[in-house]
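Structural overview
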Amino acid sequence: MNDISLHILDVSENSIQAGAKNLEIFIVEDTKKDILTLEIFDDGKGMDEEILKKVESPFETSRTTRKVGLGIPFLKEAAESCGGTMVISSAKGKGTKVKATFKYSHIDRKPLGDIAETLVALILRAEKTEILYLHKKNGKEFIFRTRELKRQLGVQNLKKVNLLNSLKEIIKHKISEIQ
Amino acid sequence: MAKITIADLEKIREESRRTLVLREGAGRAKITVHMGTCGIAAGARDIMSAVLKEVEERELSDIIVTNSGCAGLCSKEPMITVELVNFPAPVKYIEMTPGKIKQIFDSHIMKEQIVKEYALAIGSEMTH
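Residues numbered from 1 in each chain as written. Chains lettered and ligands numbered in written order. Predicted model: local features only at pLDDT ≥ 70, side-chain atom pairs only at ≥ 80, totals over all residues.

Considerations on the overall build of chain A
Counting its regular elements, chain A contains six helices and six strands. When the helices and strands of chain A are read in sequence order from the N terminus, they spell out α-β-β-α-α-β-β-α-β-β-α-α. Its C-alpha atoms give chain A a radius of gyration of 16 Å, within 12% of the compact-globule value 16 Å for 179 residues. The principal-axis extents of the C-alpha atoms in chain A amount to approximately 45 × 40 × 25 Å. Across chain A, the fraction of contacts at a sequence separation of at least 24, relative to all contacts at a separation of at least 6, is 64%. (Helix = DSSP H or I, 4+ residues; strand = E, 2+ residues; numbered from the N terminus. Rg over C-alpha atoms; globule rule 2.2 N^0.38 Å. Contact = placed C-beta atoms within 7 Å.)

Considering the interface of chain B and chain A
At the junction of the two partners, chain B supplies 35 residues and chain A supplies 38 residues. Broken down by element, the residue count for the side of chain B that touches chain A peaks at seven residues, all from helix α1 (residues 6-17) of chain B. Looking at the side of chain B that touches chain A, its residues break down into 17 nonpolar, nine polar and nine charged. (Nonpolar A, V, L, I, M, F, W, Y, C, P; charged D, E, K, R; others polar.)

Quick word on helix α1 (residues 4-17) of chain A
Residues and elements named next belong to chain A. In a regular helix each residue adds 1.5 Å, so 14 residues correspond to 20 Å; α1 covers 20 Å between its end C-alpha atoms and thus fits that length. Among the 14 residues in α1, 13 count as buried, and that is most of the element. Phi turns positive, to about 80 degrees, at Gly-19, one or two residues after α1. (Expected span 1.5 Å × (residues − 1). Buried ≥ 20, exposed ≤ 12 C-beta atoms within 10 Å, placed from the backbone.)

What about the packing of helix α4 (residues 115-125) of chain A against helix α3 (residues 44-57) of chain B?
Their axes nearest at 10 Å, the elements α4(A) and α3(B) cross at an angle of 75 degrees. Judged by the inter-axis angle, α4(A) sits roughly perpendicular to α3(B). Along the contact surface, α4(A) presents Glu117(A), Thr118(A) and Ala121(A), while α3(B) presents Arg45(B), Met48(B) and Ser49(B). Taken together, the residues that form the contact of α4(A) with α3(B) break down as two nonpolar, two polar and two charged. (Axes fitted to C-alpha atoms, helices over the stretch in contact; angles between N-to-C directions. Parallel < 35°, antiparallel > 145°, perpendicular 65-115°, else oblique.)

Regarding the packing of helix α6 (residues 161-178) of chain A against α3(B)
Remark: α6(A) packs on α3(B), axes separated minimally by 9 Å, with the N-to-C direction vectors making an angle of 120 degrees. With respect to their mutual orientation, α6(A) and α3(B) come out oblique. Judged by the sense of rotation from one axis to the other, the crossing of α6(A) with α3(B) is left-handed. Along its contact with α6(A), which presents Val161(A), Asn162(A), Leu164(A) and Asn165(A), the element α3(B) presents Leu52(B), Val55(B) and Glu56(B). Residues of the contact of α6(A) with α3(B), tallied by class, amount to four nonpolar, two polar and one charged. (Left-handed = near helix turned anticlockwise from the far one by under 90°.)

Points about the sheet that holds strand β6 (residues 140-145) of chain A
All names here are of chain A. Here we have six strands laid out as an open sheet, ordered β3-β4-β2-β1-β5-β6, and mixed in their pairing. Where the open sheet ends on each side, the last strands, each with one partner, are β3 (85-91) and β6. Across the sheet, the axes of successive neighbouring strands diverge by a mean angle of 5 degrees, strand direction being ignored. Taken together, the eight bridges between strand β2 (residues 35-42) and strand β4 (residues 95-103) define a ladder with antiparallel strand orientation. If you follow Ile-40 over to β4, its bridge partner there is Val-98. (Pairing = 2+ DSSP bridges.)

Concerning the pairing of β3(A)
All names here are of chain A. Pairing between β3 and β4: seven bridges, direction antiparallel. The partner of Val-87 across the bridge, within β4, is Lys-99. The hairpin turn running from β3 into β4, its antiparallel successor, is three residues long, and Gly-93 in that turn takes a positive phi close to 85 degrees.

What about unusual backbone geometry?
Residues and elements named next belong to chain B. In the segment running from Glu-77 into Pro-78, the intervening peptide bond is cis, with an omega of -5 degrees. A positive phi is found at Glu-95, a non-glycine position, where the angle reads about 45 degrees. When you line up the elements, Glu-95 lands in the loop between β4 (91-93) and α4 (98-111). Its identity as a non-glycine residue notwithstanding, Glu-112 has a phi of 60 degrees, on the positive side. Note that Glu-112 resides in the loop between α4 and β5 (119-122).

Concerning the nonpolar core
Of all hydrophobic cores here, the largest spans 79 residues; its most connected members are Leu119(A), Ile47(B), Val51(B) and Val65(B). In this structure, Val51(B) is in contact with Ile31(B), Val33(B), Val65(B) and Ile101(B), ignoring residues within four places of it in sequence. (Core = buried A, V, L, I, M, F, W, Y, C linked by C-beta atoms within 7 Å.)

So, the pairing of strand β5 (residues 130-137) of chain A
Residues and elements named next belong to chain A. Two elements, strand β1 (residues 22-30) and β5, share eight bridges in a ladder whose sense is parallel. Looking at β5, one finds that Glu-24 is bridged to Leu-132. Bridge count between β5 and β6: six bridges; the pairing is antiparallel. Within β6, the residue paired with Leu-132 across the bridge is Arg-145. The antiparallel hairpin formed by β5 and β6 contains two residues in its connecting segment, where Asn-138 sits at a positive phi of about 45 degrees.

No statement about biological role is implied by the geometric values presented.
Shown next as structure tokens:
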């Protein structure tokens, strides 16, 4: 994965596969504390302790199309290679939380990448999942909620190509404003 | 706090009036971009953007765009699956690039002719 936004897309895929109704993505960029924090919460089916213990290993997945799962190990590697950490916690029937930290100024920290592209890909992927995205940087913040956008637009779903392309541009612009 | 404003909503509304909702089962064609870890690492998100761009530029209102997980053939990612309503089976394309996407639109989507050189096989994996 070239950037953090691709890790977000990848790890969120697990949440959607787990049947999450709500997916929450938080990013905090704190340059004073020199830390970037990424948290992904879902209310999907969750994992019991036994599966949770194995999930950081690449040779574990609940998927049947292939026998290795690399999403979580990739994120862990990305965090740890720049002085950060990754913690995953989960409860069966409750959901899963993934938290990764990155040393902001570390030369090996991957760039944030294109969050807007990732959010649009998730909207296309997740028919039944509402997404909340909250991004803070040094006191400024940007918030985006699919539930609120649908209500404001008076639509049941956001899967219109023109809508998504224009939404993508707006989100890109909003995120650039807090940078 | 930065958020989507009334002006932004107007812009989105304006844009979205231009096409029909891409609903399951309502399109002439359905394009699925495979976005497992393998696909994403190989560039699937850029492929999805290329698909959205083609749909918008050609002003196609009857194409469903969606994405799914790993198709089980990680070494051939990025992959897409194209399904046409009157076609017997889905076609899976391998090792996609934005340029190849354009060719698939020119031929398969617009003329219903499979681009054989990029096609893996006709058929589909089980997704659940």
